[in-house]
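Residues per chain are reported as follows:
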Amino acid sequence: MATLEKILDPKLEAAKGYVDDVFNMVQLRNPNESEFHQAVKEVFDSLIPVLAKHPSYIEHGILERMVEPERVINFQVPWVDDQGKVHVNRGFRVQFNSAIGPYKGGLRFHPSVNASIVKFLGFEQIFKNSLTGQPIGGGKGGSDFDPKGKSDREVMRFTQSFMSELCKHIGPDIDVPAGDIGVGAREIGYMFGQYKKIRGHFEAGVLTGKGFSYGGSLGRKEATGYGTVYFVEEMLKDRGLSFKDKTVVVSGSGNVSIYAIEKATKLGAKVVACSDSSGYIYDTDGINLSTVKRLKEVENKRISEYVKEHPKTQFIEGCSAIWSIPCDIALPCATQNEIDDIAARTLISNGVIAVGEGANMPCTLEAIEIFLENDILFGPAKAVNAGGVAVSALEMAQNSMRLSWTFDEVDQELHQIMKDIYRNSMNAADEYDTPGNLVVGANIAGFKKVADAMISQGVI
Ligand code: NAP
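Model, not experiment: these values are computed from the prediction. (Residues numbered from 1 in each chain as written. Predicted model: local features only at pLDDT ≥ 70, side-chain atom pairs only at ≥ 80, totals over all residues. Heavy atoms only, no water.)

Student: Talk me through the pairing of strand β4 (residues 137-143); I want residue IDs and the actual numbers.
Tutor: Within a regular strand, side chains alternate between the sheet's two faces. Counting buried residues in β4 gives seven out of seven residues, a clear majority hidden from the surface. Both faces of β4 are covered, namely the face carrying Gly137, Gly139, Gly141 and Ser143 and the face carrying Gly138, Lys140 and Gly142. Looking at chain direction, strand β2 (residues 86-97) and β4 are connected through six bridges and run antiparallel. Bridged to glycine 91 within β4 is serine 143. In this view, the connection linking strand β3 (residues 103-109) to its parallel neighbour β4 by way of helix α5 (residues 115-131) has right-handed handedness. (Buried < 20%, exposed > 50% of the residue type's maximum accessible area, 1.4 Å probe, protein only. Helix = DSSP H or I, 4+ residues; strand = E, 2+ residues; numbered from the N terminus. Pairing = 2+ DSSP bridges. Right-handed = clockwise from strand over helix to strand, strands pointing away.)

As structure tokens, then:
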């Protein structure tokens, strides 16, 4: 982008002016939504050369229309805890863009959820879904409900109340939610049951991430983590490298992290650290994944419990210092803005080769800039973690056909989709004179398909 300033091209100047105007409007119209501003800025900075080459996108007001969600639904979620006390949480669903298909995107249950978080996630989802090559639009939702420390019955009552309102706004050809932080197979199961009861229909395609016995897809649970590693594998291959014998640090110990650790280990890497919101474990011999899986997927315990079973390992309180562990490959798979400029510089001084964003927006804009300036292989979230929604779309396809594919069929399809996303992003980066810059490439490749569909469908 720095070279742009040097080029006195009136089309580039016009495109830059347009981007600046729309971004200012986003900030004015959405005050106090810093995460949403950050996500928009990351995309907009990449699009200037595309807008200069195709001024019709400016004439059709594409950016103004893309940053304004088609529909925002806010609702109250009242529920009763095990002691009979009444609580009220906030529910959100942002139906961002349906140019290329029904809205599709996960639901996040976490106390930090607010309009800004849901909008940043929904905006990212538009481009991610487009990159998968599948016919899915962008949406996202969630609640500030905290599932931690709640009983199974409390989670069930909350999710039923949440779905009692959400069911009015979703459907297999309208909007298809899935999981995200705090929403896994259990929550999806309760929501599916409630949707079915209220609507009186067994519409399998209304939610993805379902259990296999009632319409889920084999391979969905693994998809985001495996897809993350498949994508990073492609980045490494282009430099003649692989996961074999590399040291890897993965943040988080949830759905994405666990299956990223599993696939990286299968490819010959040693994963030495992972975390939860309380701190991280550091195991120089390589993490024992079956212990992590049992603690997190079965027993619902804190990651600190790991050291009781593996006494030679360390538990360190707090999350940010995980990036001071020397590693070849860093996979942030927990949450937004976990790698800032300081963490980025520390990773580089410790010799990191590649960074792949398994989580959504885990690196700040400053951190991304530092990785790119230092020629670190950097895979942006909307490309790297697109495997989850890609397999969700495969789940929708199986539901429509009333078929179930084998794990290997789904995994092979996922692998190919991740290779295609990588290649399409690299090609777009080449076409717009930023070779190797996957941030620019993924944004452009995702954007053009949606923008062209919006133009074809008129101003609606
Ligand atoms: P998850 O199963 O709920 O796991 C989240 C993990 O991140 C947990 O270990 C959690 O620790 C940790 N975490 C959450 N908030 C944190 C915070 N503020 N600080 C430090 N650690 C935190 O969620 P997930 O599905 O793996 O999602 C992880 C990331 O991947 C999110 O950014 C999500 O949007 C993205 N993503 C997920 C999918 C998918 O298919 N699941 C697809 C695409 C992208 P605690 O348990 O202590 O909270």
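On we go from here.
Student: Can you lay out the nonpolar core for me, pointing to particular residues and giving the numbers?
Tutor: If you look at the biggest cluster of nonpolar residues, it comprises 48 residues, and the most contacted ones within it are Phe231, Phe243, Val292 and Leu331. Top contributing element to this core by residue count: helix α8 (residues 220-237), with eight residues. Residues contacting phenylalanine 243, with those up to four places away along its chain left out, are Val229, Val232, Glu233, Leu236, Val248, Ala264, Leu267, Gly268, Ala269 and Ile329. By size, the runner-up hydrophobic cluster in this structure holds 45 residues, among which are Ala15, Tyr18, Met361 and Ala451. (Core = buried A, V, L, I, M, F, W, Y, C linked by side-chain atoms within 4.5 Å. Contact = heavy atoms within 4.5 Å.)

Student: So what's going on with helix α2 (residues 34-53)? Residues and values would help.
Tutor: Because an α-helix completes one turn every 3.6 residues, residues spaced three or four positions apart along the sequence face the same direction. The end-to-end C-alpha distance of α2, which contains 20 residues, comes to 30 Å, matching closely the 28 Å that a straight helix rising 1.5 Å per residue would cover. Of all 20 residues in α2, 16 are buried; the element is thus mostly enclosed. (Expected span 1.5 Å × (residues − 1).)

Student: Before we move on, can you summarise the site of the ligand with the specific residues and values?
Tutor: Around the ligand there are 25 residues in total, and Asp180, Thr224, Ser277, Arg302 and Asn360 lie nearest to it. Measuring from an oxygen atom of the ligand, one finds a backbone N or O atom of glycine 182 at 3.0 Å. Those elements that provide at least two residues to the shell around the ligand are α8, α9 (255-266) and β7 (270-276). (Near = heavy atom within 4 Å. Polar contact = N/O pair within 3.5 Å; in protein donor to acceptor, adjacent residues only side chain to side chain.)

Student: Which residues make up the domain arrangement of the protein, and what values do they have?
Tutor: Assigned domains of the protein: these are domain 1 (2-67), domain 2 (71-203) and domain 3 (221-384). Taking only C-alpha atoms into account, the centre of domain 1 sits 30 Å from that of domain 2. Listed by partner, the interface residues are 13 residues for domain 1 and eleven residues for domain 2. Interface of domain 1 and domain 2: buried area, both sides summed, is about 990 Å²; carbon and sulfur atoms make up 68% of it. Contact with domain 2 buries surface across domain 1, with Glu35, Phe36 and Met66 losing the most and accounting together for 51% of the total. On inspection of domain 1 and its partner domain 2, the count reaches one salt bridge. Summed over the shared surface of domain 1 and domain 2, the result is four residue pairs in polar contact (both at pLDDT 80 or more). Top element by residues in the side of domain 1 that touches domain 2 is α2. It accounts for eight residues. The class makeup of the residues in the side of domain 1 that touches domain 2 is seven nonpolar, three polar and three charged. (Domains from an automatic or database assignment. Buried area = accessible area lost by both parts, 1.4 Å probe. Salt bridge = Lys/Arg side-chain N within 4 Å of Asp/Glu carboxyl O. Nonpolar A, V, L, I, M, F, W, Y, C, P; charged D, E, K, R; others polar.)

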